[in-house]
Amino acid sequence: MITLTGVHKSFGQQTLLEDATLQINAGDRFALVGPNGAGKSTLFKMLLGIEEADGGQFSLKKGATVGYLPQENAPVSQATVLEESLADFEDPDGRLTAKAKAVLMGLGFRVSDFDRRVRTLSGGWAMRVALAKLLLQEPDLLLLDEPTNHLDIDSLFWFQGYLQSYPGAVFLISHDRAFINAVCRAIVSLQDRRLKVYRGDYEQYLRERQAERDRLEQAWKRQQEEIARMQEFIDRNRARASTANRAQSMIKRLEKMERVELPAEAKTIKIRFPQPRRTGVRVLSLKNAGKAYGDIKVYEGLNFELERGWKMAFVGHNGAGKSTLLKMLAGVIDIDSGERVVGFDVKVGYFSQHREGQLDPDKTVLEEALSANRLNPELLVRTVLGTFLFPGDAVHKKTAVLSGG
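Conventions we followed
- Residues numbered from 1 in each chain as written.
- Predicted model: local features only at pLDDT ≥ 70, side-chain atom pairs only at ≥ 80, totals over all residues.
- Heavy atoms only, no water.
- Helix = DSSP H or I, 4+ residues; strand = E, 2+ residues; numbered from the N terminus.
- Buried < 20%, exposed > 50% of the residue type's maximum accessible area, 1.4 Å probe, protein only.
- Contact = heavy atoms within 4.5 Å.
- Salt bridge = Lys/Arg side-chain N within 4 Å of Asp/Glu carboxyl O.

Undergrad: Report on the overall build of the protein, specifying residues and quantitative values.
TA: From N to C terminus, the protein includes 11 helices and 12 strands. In terms of overall dimensions, the protein has a C-alpha envelope of 100 × 60 × 35 Å along the principal axes. The 405 residues of the protein split such that 37% are buried. Here the contacts in the protein between residues at least 6 apart in sequence split such that 64% fall between residues at least 24 apart.

Below, the structure is given as structure tokens:
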């Protein structure tokens with residue numbers, strides 16, 4: 001269906017793809033894996049023609065259709081949820097409308113949501129509308145960039161089952177290992193600027209990758225030992241008239257030797273949370289709190305308390321108000337009634353599900369990090385950024401050019 005041959009792609013000094021080759025056939029189920037910033041999303045955009053390759057060839061089977069779900073780019077539409085999901089069809093019949101409703105309900109929408117305007121939805125719910133719209137198109141190839149980011153457990157399992165019986169090919173990027181194993185039959189590794197297909201699940205891919213590296217390390221060690229022996233012979237014999245010719249021949253052999261190169265070690269983030277100051281026993285509480293969005297009451301008379309040292313997770317069905325509760329606790333949104341009480345010497349940090357509004361696209365990584373409400377010296381901030389895999393001049397990248405990860 002799609003064939004890539006000898007593809008090259010660079011951004012400035014950074015080479016993402018070099019002589020990359022891949023073939024996607026009808027019915028394939030591939031997961032694209034690789035480090036953050038390796039070029040996974042860029043590869044998808046190249047397959048779509050949004051980004052141009054610097055070299056190599058792309059070919060798409062005549063008449064084949066390709067659909068794409070970006071990692072972030074929620075639609076802003078005046079249409080209703082149901083209208084937007086069917087927007088690509090001029091005159092949808094009853095069968096198609098019924099299918100659209102079934103897909104929307106599978107993704108967590110209630111019947112009462114069908115007439116809501118997309119522009120009134122949160123970014124995550126708007127992305128679900130975009131996903132429903134894409135599934136209804138039924139393209140020959142689905143390109144999905146982190147499609148589970150905005151799904152809860154129920155809608156995730158529904159989506160997983162839907163893809164398992166999807167008639168077209170699927171090529172996805174995901175950090176959800178269980179989802180990859182349930183949906184995909186092969187892993188495409190984007191590592192060291194190349195693409196390689198590994199048949200089987202994610203665990204099989206890891207085993208094969210490790211076996212390859214072990215074999216490569218053994219070959220490298222054997223070659224290094226051979227190089228050392230050859231160099232020792234050269235050093236011993238190049239000055240002697242009787243053996244100079246043999247030494248010179250050895251030098252030429254050494255120069256022509258194709259060297260075994262070890263791939264760079266995969267960099268991993270190591271996080272150590274600094275110990276905060278000791279707070280009071282009661283860290284955060286809500287007393288008789290209420291929160292509504294228009295006529296929809298999310299919370300009424302809510303009492304909640306969090307004590308020092310507790311670790312807690314919120315679970316619940318779609319629309320139950322989990323994110324709203326976190327934002328209320330963090331002080332990101334105000335409660336309509338009741339009281340939010342922050343304990344003695346408590347500082348509250350909040351990390352959003354969505355990148356939108358969190359980062360200024362005109363600022364660099366370093367400028368964003370320095371804008372935290374603490375007087376940290378630049379050297380310390382650079383050190384922390386380095387542990388998050390922003391070494392050296394990478395801190396001067398604009399946040400707008402960063403991948404979602």
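Undergrad: Requested: an account of the pattern of salt bridges, with residues and values cited.
TA: Evaluation of the coordinates by the stated rule reveals 17 salt bridges. We note a salt bridge from Arg177 to Glu203, for which the minimum N-O separation is 3.6 Å. With Arg177 in helix H6 (residues 177-183) and Glu203 in helix H7 (residues 202-237), this pair connects stretches of sequence that are 26 residues apart. With relative accessibility at 40%, the residue Arg177 sits in the partly exposed group. In this structure, Glu378 engages Arg382 in a salt bridge whose closest nitrogen and oxygen atoms are separated by 3.1 Å. Taken together, the residues span about one helical turn, with Glu378 and Arg382 both in helix H11 (residues 378-387) at a distance of 4 residues. Judged by its relative accessible area of 40%, Glu378 falls in the partly exposed class. In this structure Arg382 comes out as partly exposed when scored by relative accessible area, which is 29%.

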